[in-house]
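# Remarks on the overall topology
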Amino acid sequence: MGYQFDPTNRPKPDKKDFSIPASIYLLILVSFERKTSQKSGKPYLRGKFTPINGPSKGKHFWDSISLDTENSGAMSRMSLLCKGCGVNEAFDLDSDADIERLFCNRPFKAQVNRTTQDGYINNGIARYETKLTEAEESIIQDWVVRHAEEQMFNGGGNDDRRDSSPAMPGDDAPARGDDDWFGGGNGGRRGGGRTKPDDDIPF
């Protein structure tokens, strides 16, 4: 008799470290998924972020962007993200098209931290930085030019940046417990992982 596979007995994933070191990075929002908090009923974006330079370039992590307009802390963070991305116009928080146009592939600076839960190491955005050094401005300008050239070469690329990316190693990290506050750079439930359907974040 061959090996008997039991689909109800799912093996636990290896607890490997796919995180990036805690540091200040130049990041882009690669893609996002619009979700609703099960606990508070408030909307948020589950974003996929990646550094655009340095040894961690090409790696990614997940974190949450709160869209709770009644939460002053969340709206303050949104304002800082806008400033970092150079967004000066009013826009519709409920519009995926506006989010894609204004934030996806728009470099910004942020402090990224690492947190550990149940043996998993996750990344999250601790705070957005709005002051750039000359070297950082040069890196961003070079990246923007290269990205524009790549888009032209690829015929404009894919304009739909809502998250449809496949799971990556380490994407099954366990979800964090809820509280009533968003942010803190804890990975938005899972800094390094893919959320389950209707997964929640702390607001």
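Calculation rules
- Residues numbered from 1 in each chain as written.
- Predicted model: local features only at pLDDT ≥ 70, side-chain atom pairs only at ≥ 80, totals over all residues.
- Heavy atoms only, no water.
- Buried < 20%, exposed > 50% of the residue type's maximum accessible area, 1.4 Å probe, protein only.
- Helix = DSSP H or I, 4+ residues; strand = E, 2+ residues; numbered from the N terminus.
- Pairing = 2+ DSSP bridges.
- pLDDT = per-residue confidence, 0-100.
- Contact = heavy atoms within 4.5 Å.
- Expected span 1.5 Å × (residues − 1).
- Phe/Tyr/Trp six-rings, centres within 6.5 Å; stacked < 30°, edge-to-face > 60°.
- Lys NZ or Arg CZ within 6 Å of the ring centre and 35° of its normal.
- Core = buried A, V, L, I, M, F, W, Y, C linked by side-chain atoms within 4.5 Å.
- Salt bridge = Lys/Arg side-chain N within 4 Å of Asp/Glu carboxyl O.
- Polar contact = N/O pair within 3.5 Å; in protein donor to acceptor, adjacent residues only side chain to side chain.

Buried residues dominate strand β2 (residues 43-51), accounting for 8 of its 9 residues. Taken together, the 9 bridges between strand β1 (residues 23-36) and β2 define a ladder with antiparallel strand orientation. Each bridged residue has a counterpart across the sheet, and for Leu-29 the counterpart in β2 is Phe-49. Of the strand pairs in this sheet, β2 and strand β3 (residues 61-66) are connected by 6 bridges, and their pairing is antiparallel. Across the sheet, Lys-48 pairs through a bridge with Trp-62, a residue of β3.

Below, the discussion takes up the confidence of the model for the chain. Counting all residues, the mean pLDDT for the chain is 81, and 73% of those residues have values of 70 or more. A low-confidence stretch, residues 164-184 stays under pLDDT 50, and its non-local contacts, those more than four residues away or across chains, total 65 contacts. This model gives residues 188-203 a pLDDT under 50, and the stretch forms 78 contacts once residues within four places in sequence are excluded.

Now for helix α1 (residues 72-85). End to end, α1 covers 20 Å across 14 residues, agreeing with the expected 20 Å (1.5 Å per residue, within 8%). Within α1, burial applies to Gly-73, Ala-74, Arg-77, Met-78, Leu-81, Cys-82 and Cys-85. Tucked inside the fold, the buried residues of α1 contact β3, α2 (96-103), β4 (108-117) and β5 (120-129). Backbone geometry just downstream of α1 places Gly-86 in the positive-phi region, at approximately 75 degrees.

Now for the packing of aromatic side chains. Counted by the stated rule, this structure contains 4 aromatic pairs. Here the aromatic cluster, defined as three or more aromatic residues joined through ring pairs, consists of Phe-49, Phe-61, Phe-108 and Tyr-128. For Arg-46, the ring lying beneath its charged end belongs to Trp-62, and the centroid distance is 3.8 Å.

Attention now goes to the nonpolar core. Formed by 25 residues in total, the largest nonpolar core has its most connected members in Leu-27, Ile-65, Met-78, Leu-81, Phe-103, Phe-108 and Ile-125. Elements represented by at least two residues in this core include exactly β1, β2, β3, α1, α2, β4 and β5. Beyond its immediate sequence surroundings of up to four residues, Phe-108 is in contact with Tyr-25, Leu-26, Leu-27, Ile-28, Leu-29, Phe-49, Leu-81, Gly-84, Cys-85, Ile-125 and Tyr-128. Listed in part, the 5 residues of the second largest apolar core include Ile-28, Ile-52, Ile-140 and Trp-143.

Now for the pattern of salt bridges. The final tally for this structure, using the stated rule, is 8 salt bridges. Here Arg-46 and Glu-33 are joined by a salt bridge, their closest N and O atoms 3.4 Å apart. Of the two residues, Arg-46 is situated in strand β2 and Glu-33 in strand β1; the sequence distance between them amounts to 13 residues. Residue class for Glu-33 comes out partly exposed when judged on its relative accessible area of 28%. Across the pair Glu-136 and Lys-109 runs a salt bridge, and its minimum N-O distance is 2.9 Å. Pair noted here: Glu-136 is in helix α3 (residues 134-153) and Lys-109 is in strand β4, with a separation of 27 residues, a long-range link.

For the rest of this paragraph, the subject is the side chain of Glu-136. Taking relative accessible area as the criterion, Glu-136 reaches 17% and is therefore assigned buried. Among the polar contacts listed, one links the side chain of Glu-136 to the backbone nitrogen of Thr-133, at a separation of 2.9 Å. Setting aside chain neighbours within four positions, we find Glu-136 in contact with Leu-26, Lys-109 and Lys-131.

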